[in-house]
Amino acid sequence: MKPTDFAIRLTNFLGEYLSAQKNVSSNTIKAYRDAFTLLLRYCRDHLAILPENLTLDALNASLVLSFLNYIENGGNCIRTRNHRLSVLHAFFRYLQTEEPGRIAQCQQILAIPLKSCSRPKVDYLTTDELAEILDKPNLSTKWGRRDAVLLSLLYDTGARVQEVVDLSVRDVRLNPPAQICLTGKGRKTRVVPIMSATVNLLSQYMKEYHLDRPECIDSPIFFNRRGEKFSRSGVRYLLGKYTTDARKTKPGLLKHISPHTMRHSKAMHLLQAGNPATVIQSILGHADIRSTDIYTRADIEMKRHALQKAAEM
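Since the structure is predicted, the reported quantities are computational estimates derived from the model, not experimental observations.

Undergrad: I tried to follow the overall build of the chain on my own but got confused; where do I start?
TA: Looking only at helices and strands, one finds 13 helices and 3 strands in the chain. Judged by the C-alpha coordinates and their principal axes, the chain covers about 65 × 65 × 35 Å. Taking as baseline every contact in the chain between residues at least 6 positions apart, the subset at least 24 positions apart corresponds to 63%. Counting every atom, the chain has about 17,200 Å² of accessible surface; 53% of that belongs to carbon and sulfur. If you average the places of the 45 positive and of the 30 negative side-chain charges in the chain, the two averages end up 1 Å apart.

Laid out in structure tokens, this is it:
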């Protein structure tokens with residue numbers, strides 16, 4: 001069977017364009033692929049269009065809107081709906097330069113707006129709560145020392161969890177000024193300083209695991225007991241384990257604490273220490289300062305509640 005024009009374009013978009021030309025990460029490509037999986041299933045199950053029969057002609061603005069309404073009515077939140085639409089926008093933005101004859105069709109879909117939604121709440125740990133979690137790994141064991149380094153580095157750098165598990169020995173500089181080179185979204189790199197306490201932990205850890213040898217320059221910094229590179233789910237598991245332990249002495253901890261909570265905590269602590277938003281933007285690797293503004297708004301809201309509580313006393 002001859003592939004359809006949609007099959008050809010989608011294969012090139014996911015297989016070549018995103019990675020070779022846009023240089024996006026494998027996780028982003030997976031998220032894009034998941035969105036198209038949902039679209040293909042919707043067309044198959046609700047429009048009786050099999051994937052092998054789906055063409056670009058069929059993918060008009062009306063079909064896209066019906067798909068978005070379907071996933072929203074099916075339980076997806078507005079933020080998820082917007083993400084699916086952003087994926088389709090990216091595809092049709094690519095398509096209009098590949099097939100100029102379809103530019104009107106593409107622009108009709110590009111004109112479908114994202115829905116407004118409430119801003120996400122920033123959950124973060126206080127310095128005391130953070131210290132309680134970081135104190136839980138058992139430093140008398142080899143793996144406990146590894147966990148202490150991992151969690152300390154996750155907070156100290158404000159890194160995304162994928163950025164931490166992707167770290168290799170060559171990304172680490174322990175000599176002054178000590179710093180870590182992180183590779184973030186869009187495979188963009190940034191250099192983040194690390195504090196002396198984390199430097200000491202990391203230095204001892206690398207010596208213990210023989211990562212300070214020249215032949216280990218490309219080895220991952222963190223690996224599991226099978227000697228495999230650590231995974232995001234592995235980091236989430238460890239953080240959950242030590243959070244459960246910390247709740248025994250601090251029952252008021254946040255209900256849901258994820259690796260991203262550590263990132264939020266670092267940003268809020270930097271802001272509360274008087275650092276400008278541009279510095280925080282640079283450390284977190286935000287492409288747009290508006291992404292960093294959520295911490296400023298959260299800090300202002302926290303101060304407003306404190307003043308209101310004081311006025312009621």
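Undergrad: Sorry, what's going on with the packing of helix α1 (residues 5-21) against helix α4 (residues 78-98) here?
TA: The angle between the axes and the distance between the axes are what describe a pair of packed helices. Running from amino to carboxyl end, α1 crosses α4 at an angle of 110°, the nearest separation of the two axes being 11 Å. For the element pair α1 / α4, the angle class is roughly perpendicular. Contacts between α1 and α4 involve Phe6, Arg9, Leu10, Asn12, Phe13 and Tyr17 from the former and Ala90, Phe91, Tyr94, Leu95 and Glu98 from the latter. Of the residues that constitute the contact of α1 with α4, the class distribution is 8 nonpolar, 1 polar and 2 charged.

Undergrad: Honestly, helix α12 (residues 277-284) in this entry has me stumped. Any pointers?
TA: Each full turn of the α-helix corresponds to 3.6 residues, which orients residues three or four apart in the same direction. The set of residues buried in α12 consists of Ile280, Gln281, Ile283 and Leu284. Angularly, the buried residues of α12 cover 165° about the axis, an arc narrow enough to put them on a single face. Positive phi shows up at Gly285, right after α12, with a value of about 80°.

Undergrad: Help me out: how do you make sense of the pattern of salt bridges in this one?
TA: When charged atoms on two side chains of opposite charge get close, those side chains can pair. Under the definition given, this model contains 19 salt bridges. Connected through shared salt-bridge partners, Asp5, Arg9, Asp57, Glu98, Glu99 and Arg102 make up one network.

Undergrad: Hey, could you run me through the packing of helix α2 (residues 26-46) against helix α3 (residues 61-73) in this one?
TA: One can describe the packing of α2 onto α3 by two numbers: an axis separation of 11 Å at closest approach and a directional angle of 100°. Here α2 lies roughly perpendicular to α3, going by the angle between them. Contacts between α2 and α3 involve Ala35, Leu38, Leu39, Tyr42, Cys43 and His46 from the former and Leu63, Ser66, Phe67 and Tyr70 from the latter. In terms of residue class, the contact of α2 with α3 is made up of 8 nonpolar, 2 polar and no charged.

Undergrad: Help me understand the environment of Ala7, please; the structure alone is not making it clear to me.
TA: Looking at the secondary structure, you find Ala7 in helix α1. Measuring from C-alpha to C-alpha, the distance between Ala7 and Leu88 comes to 15 Å, with 81 residues separating the pair along the chain.

Undergrad: What should I look at first to understand the sheet that holds strand β2 (residues 179-183) in this one?
TA: Within a sheet, neighbouring strands are paired by backbone hydrogen bonds and run either parallel or antiparallel to one another. Here we have 3 strands laid out as an open sheet, ordered β1-β2-β3, and antiparallel in their pairing. If you trace the sheet from one side to the other, it starts and ends with β1 (172-173) and β3 (189-193), each paired once.

Undergrad: Mind showing me how you'd approach the nonpolar core here?
TA: One recurring pattern in soluble globular proteins: nonpolar side chains tend to sit buried together. Residues Ile180, Leu202, Tyr205, Met206, Ile221, Phe222 and Tyr295 are the most contacted members of the largest nonpolar core, which totals 51 residues. If you tally residues by element for this core, the top one is helix α7 (residues 142-157), at 7 residues. For Leu202, the contacting residues outside a window of four places in its chain are Val149, Leu153, Val172, Leu174, Ile180, Ile194 and Ile221. Formed by 34 residues, the second largest nonpolar core is a distinct cluster that contains Phe6, Tyr32, Val64 and Leu95.

Undergrad: Would you explain the pairing of β3 in this entry?
TA: The side chains of a regular strand alternate between both faces of the sheet. Of the two faces of β3, the one lined by Arg190 and Val192 is fully buried and the one lined by Thr189, Val191 and Pro193 carries no buried residue. Count of turn residues in the β2/β3 antiparallel hairpin: 5 residues, of which Gly186 carries a positive phi of about 70°.

Undergrad: Before we go on, may I ask you to explain the packing of aromatic side chains in this structure?
TA: Any two aromatic rings considered together are summarised by their centre-to-centre distance and by the angle between their planes. Applying the stated rule across the entire model yields 16 aromatic pairs. A connected cluster of aromatic rings, assembled from ring pairs, spans Phe6, Phe13, Tyr17, Tyr32, Phe36, Phe91, Phe92 and Tyr94. Note that Lys142 overlies the ring of Trp143, its terminal NZ or CZ placed 5.6 Å from the centroid. Residue placement shows Lys266 over the ring face of Tyr155; its charged tip is 5.1 Å from the ring centre.

Criteria and cut-off values
Residues numbered from 1 in each chain as written. Predicted model: local features only at pLDDT ≥ 70, side-chain atom pairs only at ≥ 80, totals over all residues. Heavy atoms only, no water. Helix = DSSP H or I, 4+ residues; strand = E, 2+ residues; numbered from the N terminus. Contact = heavy atoms within 4.5 Å. Areas by Shrake-Rupley, 256 points an atom, 1.4 Å probe, with all protein chains shown as cover. Lys, Arg positive; Asp, Glu negative; His and termini not counted. Charge placed at Lys NZ, Arg CZ, Asp CG, Glu CD. Axes fitted to C-alpha atoms, helices over the stretch in contact; angles between N-to-C directions. Parallel < 35°, antiparallel > 145°, perpendicular 65-115°, else oblique. Nonpolar A, V, L, I, M, F, W, Y, C, P; charged D, E, K, R; others polar. Buried < 20%, exposed > 50% of the residue type's maximum accessible area, 1.4 Å probe, protein only. Arc of directions from axis to C-beta. Salt bridge = Lys/Arg side-chain N within 4 Å of Asp/Glu carboxyl O. Pairing = 2+ DSSP bridges. Core = buried A, V, L, I, M, F, W, Y, C linked by side-chain atoms within 4.5 Å. Phe/Tyr/Trp six-rings, centres within 6.5 Å; stacked < 30°, edge-to-face > 60°. Lys NZ or Arg CZ within 6 Å of the ring centre and 35° of its normal.

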